[in-house]
Amino acid sequence: MKIICIGRNYFSHVKELNNDVPDEPVFFMKPDSAILRKNAPFFLPDWTKEVHHEIELVIRINRLGKNIEKRFADRYFNEVGLGIDFTARDIQNALKKRGLPWEKAKAFDGSAVIGASFVPLDSLPDRKNINFTLKINGKPVQEGKSSLMMFSFEDIISHVSQFMTLKMGDLIYTGTPAGVGPVNIGDHLEGYLENIKLFDFMIK
Ligand code: ZN
């Protein structure tokens, strides 16, 4: 199983980090050891001073595919979940400056939070406009809607599958909206997809 993450997929987030607007999906990977599930606490690593939350819609691939045409891409997933792409922003900025890969900043243990369950797309009021929210200590800090993604789920599946075969169980984190920021010891994070709470855990 692999984890693919899309970067720079919401205009508002691209602008807050002063990045360029991409003309095709930007993607990177995390290993399966990055997964943090079942509302386990996240322990801040000691080698970074700035871990940012990035809440993202996550799709799970349900069949094998390669070179998937966009018009068929919706056949490769039928559920959506919610996760956090934790990012050591200080480390990432240093790596970016030197043109180096991002793994140290993005692929560390616990950096891929995944919600307790996935929600069938058919059960949502509008599968093209999925609302999601991250609350920290009860206060909304990131609010997104999938209609604002520059690259849709189908665009992403089609693009990524030109380079790597997608397998059943692979997870795709589809990018974060604006509002990223640091987490601190003692913070309580809750993620909602529409009104369904999908994760609830502490920073330690
Ligand atoms: Zn991200």
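Structural data are supplied above this passage.
Quick caveat: nothing in here was measured; it's all calculated off a predicted structure.

Conventions we followed
- Residues numbered from 1 in each chain as written.
- Predicted model: local features only at pLDDT ≥ 70, side-chain atom pairs only at ≥ 80, totals over all residues.
- Heavy atoms only, no water.
- Helix = DSSP H or I, 4+ residues; strand = E, 2+ residues; numbered from the N terminus.
- Rg over C-alpha atoms; globule rule 2.2 N^0.38 Å.
- Contact = heavy atoms within 4.5 Å.
- Areas by Shrake-Rupley, 256 points an atom, 1.4 Å probe, with all protein chains shown as cover.
- Lys, Arg positive; Asp, Glu negative; His and termini not counted.
- Charge placed at Lys NZ, Arg CZ, Asp CG, Glu CD.
- Buried < 20%, exposed > 50% of the residue type's maximum accessible area, 1.4 Å probe, protein only.
- Polar contact = N/O pair within 3.5 Å; in protein donor to acceptor, adjacent residues only side chain to side chain.
- 1 Å grid on protein atoms, 1.4 Å probe; cavity = no way out; pocket = protein on both sides within 12 Å on 5 of 7 lines; lining within 4 Å.
- Points joined across faces, edges and corners; volume = space filled by probe spheres on them.
- Nonpolar A, V, L, I, M, F, W, Y, C, P; charged D, E, K, R; others polar.
- Pairing = 2+ DSSP bridges.

## Here we look at the overall build of the protein
Along its length, the protein carries four helices and 15 strands. A compact globule built from 204 residues should have a C-alpha radius of gyration of about 17 Å, and the protein, at 16 Å, falls within 12% of that. For the C-alpha atoms alone, the extent of the protein along its principal axes is close to 45 × 40 × 30 Å. Residue pairs in contact within the protein that sit at least 24 positions apart in sequence constitute 76% of those at least 6 positions apart. Accessible surface for the protein amounts to roughly 9700 Å². Of this, 50% is attributable to carbon and sulfur atoms. Of note, the protein has its 27 positive side-chain charges centred 2 Å away from the centre of its 26 negative side-chain charges.

## Brief notes about the side chain of Glu190
Structurally, the position occupied by Glu190 is in strand S14 (residues 188-193). The exposure class assigned to Glu190 is buried, which follows from its relative accessible area of 10%. A polar atom in the side chain of Glu190 sits 2.9 Å from the side chain of Lys197. When residues no more than four places from it in sequence are discounted, the contact partners of Glu190 are Thr133, Leu134, Lys135, Gly138, Lys197, Phe199 and Asp200.

## Focus on empty space enclosed by the protein
Tallied over the full model, the rule gives one cavity of 30 Å³ or more. Within this model, the largest cavity holds a volume of roughly 120 Å³. Around the largest cavity sit 17 residues that line it, and Gly7, Arg8, His13, Glu54 and Lys106 are the ones nearest its centre. Among the elements of the structure, strand S1 (3-7) and helix H2 (89-97) are those that each provide at least two residues to the lining of the largest cavity. Looking at side-chain class alone, the lining of the largest cavity contains four nonpolar, seven polar and six charged residues.

## Looking at the environment of Glu194
Locating Glu194 in the fold gives a position in the loop between S14 and strand S15 (196-202). On a C-alpha basis, the gap between Glu194 and Lys145 in space is 9.5 Å, while along the polypeptide they are 49 residues apart. Not counting chain neighbours up to four residues away, the residues in contact with Glu194 comprise Leu124, Pro125, Asn129, Ile130 and Asn131.

## Section: the pairing of S1
With five of five residues buried, S1 is to be regarded as a mostly interior element. Both faces of S1 are covered, namely the face carrying Ile3, Cys5 and Gly7 and the face carrying Ile4 and Ile6. The sheet contact formed by S1 and strand S12 (residues 171-173) spans three bridges and is parallel. Paired with Cys5 across the strands is Tyr173, a residue of S12. Across five bridges, the pairing between S1 and strand S2 (residues 26-30) is antiparallel. Each residue of the ladder has a partner; that of Ile4, found in S2, is Met29.

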